[in-house]
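# Architecture and fold: a report
Residue-level listing of the chains:
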Amino acid sequence: GRPAPASSSHAATSPAPGDLLAARVRTFPLVQEHYYDAPPRIERGWRHHLLDTDGRGYLDMVNNVAILGHGEPRIAAAVDRQLRRLNTNSRFHYAAVVEFAEALAARAPEGLDQVLLVNSGSEAVDLAIRMARAATGRTDILALTEAYHGWTVGADAISTSLGDNPAALATRPAWVRLLDAPNTYRGRHRGPDAPLYLRDALDRLAHWDAEGVELAGVVSEPIFGNGGGVLLPDGYLAGLWDAVRERGGVCVSDEVQVSYGRLGAHFWGFEQQGAVPDIIAVAKAMGNGHPLGAVITSREIAEAFAVEGSFFSSAGGSPVSCVVGSTVLRVLDEDRLQDNARVVGALLGDGLRELCDRFGALGAVHGMGLYLGVEVVRGGPDAPDPRAAREICAALLEEGVIVQPTGDHKNVLKIKPPLTIDAPAVERFLRALEGVLAR
Ligand code: PMP
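A few points on the structure. All values derive from a computational prediction rather than experimental measurement.

### Thoughts on helix α4 (residues 73-85)
- Taking 1.5 Å of rise per residue, the 13 residues of α4 would be expected to cover 18 Å, and the 18 Å separating its terminal C-alpha atoms lies within 8% of that figure.
- Residues of α4 that are buried: I75, A78 and Q82. Taken around the axis of α4, the buried residues stretch over an arc of 65°, which confines them to a single face. Away from the buried face of α4 by more than 90 degrees, exposed residues P73, A76, A77, D80, R81, L83 and R84 are located.
- Contacts from the buried residues of α4 go to α5 (95-107) and α12 (319-334).

In structure tokens form, the structure reads like this:
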């Protein structure tokens, strides 16, 4: 045991261990508590519907992790079967794992056929950074602004989602950001001057050349997820990736949020930009909420990285997670969910744009398919009042609809429901939002 503390005064005023635990559980800063006074306690779900412990139902408009929705019986059956067969990985090839890796590689562009499995998006991004470094023998990583890449030390170092907003940064204690993002390009990528931004990014790279920056590669989302679902200007990624490759760097697409058909028109986010990466980092939807992430890359990069003993994740890509992964891919096809994302996403986008025309509190609608962001602009577009988005979310919760704000200013309603969502649910959501805005 640990030695007793030198001073006994602490012990005299300390709560009993049970109280301490209860207090910690209550005060642990759950994300939800930033948005709601009394967040619901969710007990179960069916597709895009949720039920709390008081029996109240909700429409889940934010769960891009559960891409197939909740309670999917084909996943339950696959997990049950695999748990009884073999549920852990060690150092061999396992049938369920190889099957999944092959199914995943079959979805990737030609030449990207090496799959390394991990447990999360953060790990996948971390691994991609290390692979870029291994492949180039260099260290510096270019990251773009308004991006979140994960919470491990490596992924956090290149996350910039608060980077452009000093007021928001100032509210974060130092320990939240132990590492600064070195060589982060902080230019902006949206708005009417979009073509200029690529020029701006290329100028920055040229400036770094002069400074002797050792560019290992670039990591970026193909769409600004944390920026509120903002699409990159046409040709941006292709232009940037060409410039990075001319310098010998490796291009990584963080597909954690926007892949798996969520965009409707595309399976991967980078397809929307007509560009092909050297490394794909993916997670979230691929496991429908189970711990599963992957890096997909070329044999050349994989071999540069895979020195003996360089990588081993005990639970990463377990046979159970892998049968979930295979089932997700199968159900996406069986239920034509990417088509659904396109058709229902168009309904949702049209409905939101119509509300934007009618209500001054709403600004632009961003994104595509079932990956949309609506700006709440009360207070003006340059200094939006984040309380407005929060109030809308709280009022929607009262109506049984779950939406949460995102973006540098936390003023964007991010709408990314399970791909099972249908036209009646979209209609219910739009009428609930209309009612809240009218009030
Ligand atoms: N990259 C992006 C773009 C993300 O949105 C996230 C999670 N929100 C991550 C990486 C990290 O993924 P995970 O939470 O699975 O570690």
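### Details of the sheet that holds strand β13 (residues 371-376)
- The antiparallel open sheet is built from four strands, whose spatial order is β12-β13-β16-β15. Only two strands of the sheet have a single neighbouring strand rather than two, namely β12 (362-368) and β15 (404-406). When the angles between neighbouring strand axes are averaged without regard to direction, this sheet yields 30°.
- Of the strand pairs in this sheet, β15 and strand β16 (residues 412-415) are connected by three bridges, and their pairing is antiparallel. Directly across from Q404, in β16, lies its bridge partner K414.
- Contacts between helix α13 (residues 337-358) and the sheet are confined to β12, β13 and β16, with β12 contributing the most and set at about 165° to the helix.
- Together, β13, β15 and β16 form the strand contacts of helix α14 (residues 386-398), whose direction differs from that of β15 by roughly 160°.

### Section: the packing of α5 against α12
- In the contact formed by α5 and α12, the axes pass within 8 Å of each other and the chain directions differ by 35°. Remark: the crossing between α5 and α12 carries left-handed chirality. Where α5 abuts α12, its residues A96, V97, E99, F100, A103 and L104 lie against P319, C322, V323, G325, S326 and L329.
- Of the residues belonging to the contact of α5 with α12, the class tally is nine nonpolar, two polar and one charged.

Reading the values: rules and limits
- Residues numbered from 1 in each chain as written.
- Predicted model: local features only at pLDDT ≥ 70, side-chain atom pairs only at ≥ 80, totals over all residues.
- Helix = DSSP H or I, 4+ residues; strand = E, 2+ residues; numbered from the N terminus.
- Expected span 1.5 Å × (residues − 1).
- Buried ≥ 20, exposed ≤ 12 C-beta atoms within 10 Å, placed from the backbone.
- Arc of directions from axis to C-beta.
- Contact = placed C-beta atoms within 7 Å.
- Pairing = 2+ DSSP bridges.
- Axes fitted to C-alpha atoms, helices over the stretch in contact; angles between N-to-C directions.
- Left-handed = near helix turned anticlockwise from the far one by under 90°.
- Nonpolar A, V, L, I, M, F, W, Y, C, P; charged D, E, K, R; others polar.

Bear in mind that shape data such as this cannot, by itself, settle questions of function.
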